[in-house]
Amino acid sequence: MKDGPGFSDMSRRSSEPLLRLDDTQLSPLLIDGATARRGAAKPLLPQAQANQYPLDDSRVLALPTPQTPEEEEILVRSFLSGLEKLFSRENNWTFLQPLLLTMEHCARCQTCSDACHIFEASGGAEIYRPTYRSEILRRLYFEHVKGGGLLSRWQHGSVDLNWPMVARLAELAYRCNLCRRCAQACPIGVDNGLVAHEIRKLFSQEMGIAPKELHASGSMLQLKAGSSTGMPPAVVKDNVQFIDEEMAEKAGLPVETPWDVEGADILLVHNAGEILAWPENPGAFGIILNQAGVSWTMSSDLAGYDSVNYGLWYDDAQFARVAVRHAEAARKLKVKKIVIGECGHAHKSLLVIADRLLTGDLNIPRESFLTVLRDIVASGRLELDPSRNAFPVTLHDPCNMVRLMGIVEPQREILRAICPQFREMHPHGVDNYCCGGGSGFAIMSGNTFPDWRSQISGRKKLQQILDVFSDCLDPAQPKYVCAPCSNCKGQIRDLLAYHDVWKANRIQYGGLVELVVNAMADVKPGFIEWEWH
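A brief report on the enclosed structure follows. (Residues numbered from 1 in each chain as written. Predicted model: local features only at pLDDT ≥ 70, side-chain atom pairs only at ≥ 80, totals over all residues. Heavy atoms only, no water.)

In this section: the packing of helix H1 (residues 69-86) against helix H7 (residues 163-172). Helices that pack against each other are described as a pair by the angle of their axes relative to one another and the distance between those axes. H7 packs onto H1 with a crossing angle of 50° between their chain directions and a minimal axis gap of 9 Å. Here H1 is positioned oblique relative to H7, judged by the angle of their axes. Here the hand of the crossing between H1 and H7 comes out left-handed. The residues of H7 that touch H1, namely those facing Glu 72, Leu 75, Val 76 and Phe 79, are Trp 163, Pro 164, Val 166 and Leu 169. (Axes fitted to C-alpha atoms, helices over the stretch in contact; angles between N-to-C directions. Helix = DSSP H or I, 4+ residues; strand = E, 2+ residues; numbered from the N terminus. Parallel < 35°, antiparallel > 145°, perpendicular 65-115°, else oblique. Left-handed = near helix turned anticlockwise from the far one by under 90°. Contact = heavy atoms within 4.5 Å.)

Two aromatic rings, taken as a pair, are described by how far apart their centres are and by the angle between their planes. Taken as a whole, this structure holds 16 aromatic pairs when the rule is applied. Both rings, one in Phe 87 and one in Tyr 141, keep their centres 4.4 Å apart while their planes meet at 35°; by these two values the pair is tilted. You can see Phe 87 sitting in the loop between H1 and helix H2 (96-105) and its partner Tyr 141 sitting in helix H5 (residues 130-145), a full 54 residues away along the chain. Ring centres of Phe 391 and Trp 530 lie 4.9 Å apart, and the angle between their planes is 85°; on these two criteria the pair is classed as edge-to-face. Linking Phe 391 in the loop between helix H16 (369-379) and strand E7 (393-395) with Trp 530 in the segment after helix H22 (513-518), this pair joins segments that are 139 residues apart in sequence. Of the residues examined, Trp 530 reaches a relative accessible area of 22% and is grouped as partly exposed. Geometry around Tyr 433 places Arg 181 over its ring, the cationic atom sitting 3.9 Å from the centre. (Phe/Tyr/Trp six-rings, centres within 6.5 Å; stacked < 30°, edge-to-face > 60°. Buried < 20%, exposed > 50% of the residue type's maximum accessible area, 1.4 Å probe, protein only. Lys NZ or Arg CZ within 6 Å of the ring centre and 35° of its normal.)

Right, let's get into the sheet that holds strand E5 (residues 337-340). Taken in spatial order, the four strands make up an open sheet running E4-E3-E5-E6, and their pairing is parallel. Of all strands in the sheet, those with a lone pairing partner are strand E4 (296-297) and strand E6 (366-368), marking the two edges. Of the strand pairs in this sheet, E5 and E6 are connected by three bridges, and their pairing is parallel. Note on E6: the bridge partner recorded for Ile 340 is Ser 368. Of the strands in this sheet, strand E3 (266-269), E5 and E6 touch H16, which is tilted by about 65° from E6. (Pairing = 2+ DSSP bridges.)

With respect to topology, four strands assemble into an open sheet ordered E8-E7-E9-E10, the strand pairing being parallel. Both edges of this open sheet fall to strand E8 (422-423) and strand E10 (507-510), since each of them pairs with a single strand only. Where strand E9 (residues 479-482) lies against E10, four bridges are found, and the strand directions are parallel. Its bridge partner being in E10, Cys 482 is matched across the sheet by Gly 510.

To continue, consider helix H13 (residues 280-291). An α-helical turn contains 3.6 residues, so a residue and the one three or four places further along point in the same direction. In a regular helix each residue adds 1.5 Å, so 12 residues correspond to 16 Å; H13 covers 16 Å between its end C-alpha atoms and thus fits that length. A large share of H13 lies buried, amounting to 10 of its 12 residues. Along H13, the residues that are buried comprise Glu 280, Asn 281, Pro 282, Gly 283, Ala 284, Phe 285, Gly 286, Ile 287, Ile 288 and Leu 289. One or two positions beyond H13, positive phi appears at Gly 293, with a value near 75°. (Expected span 1.5 Å × (residues − 1).)

Structure, rendered in structure tokens:
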């Protein structure tokens, strides 16, 4: 292990960050074997002054700033209360068993470190090692939950529990994308990604501490307005009607999104961010489903038109509240199944995690759009002309759909059928690297965090994109990164823009349905526009 901040440094009463990275420490970006530190020279901004005990040069959370020892003691006691609940079956029946496995059986072999894109991109910064965060929680667990004495401290180690340590641990939980590549690499199933999730949960559910983008502007806004975008039902219907009109003109085909159709085969739920940021995506869905003759609808009920569920990343209670709203919208319309659009975390939240929550008449069949789209393409219901996609295309595998759910082949079957120059990144499939925007990072914009995720958490993905197109980086040749997940798409957009890759190499990004429509023979040519968006 490299020299770096030790566990005791987490408790240090200092306004100096434990870690300061400069571009000489970051892993290089390589093009054709030559070192090209493209963008890495952009310095991180100074640490925000409001954080008294900073972790590194960025900040996600607005932490309390206790003014007296008594106020610090209250916060530490609140943390300890949450810690005890984290390890009680009554309060954490959902994730207690894998958490205990991780706490009690890690062999500290560090196999997980080589699998972590953040640790690698940072040049091996010790506080980003997957086991660093887990080891702190493990020491707290043995000492304060298991009641360990001197022998336990000798066996498991200890860490000084004070407010600086608690504050830094909260921030450290948001230096992990929760991609679980480390868990996949662990020979005994220890899940350091779960540890980061559980720490986030402790701070949110016990202390009311969570990123504003996930909680106030995310879960709370969605439950109140119907969408994390803030769009109420009337506005989203107006926006989709406008998209239908625009897409009909662009494609040369009639496009009409059906709303609130009782008994439809499919309730399609988009990430509502697509409607505002990438309207061609819901527009492409409408073209495909209508042309394929599918019985489908969208719901105008609160949360019924937005598959986002940010609770997945930080708070089980908020997750449950949103998931029930999704199922209630489907139950009301008596649809045969819910189909999730291009949103990775919505796949995992509603298709997997909600399994233990949605029972009785809320247990409505749920399916990924990927298998639905693969079946449509394979059925021959669309006349497709692959020559319209005669440009290099690669595929980003969203972690939630692929590594965490095993949906690997349907999207590839589609791309092989419609993209003659499809090529795989290395590695890919379940071994893919996170885009760097996972677990909410892509929507976090405070302080210097956009720099951090463009320079560190997204660095490995950018290298993969440059590598896969290394034979055609000339900007005269347009290239396409297919990212069938709204969150990943936003992160890849930011990565390409931050590192000037669009300007230098003309690498575009987009979803999967856009490629399908671009190949449809009865659609006007040029559905995909080679302009930056």
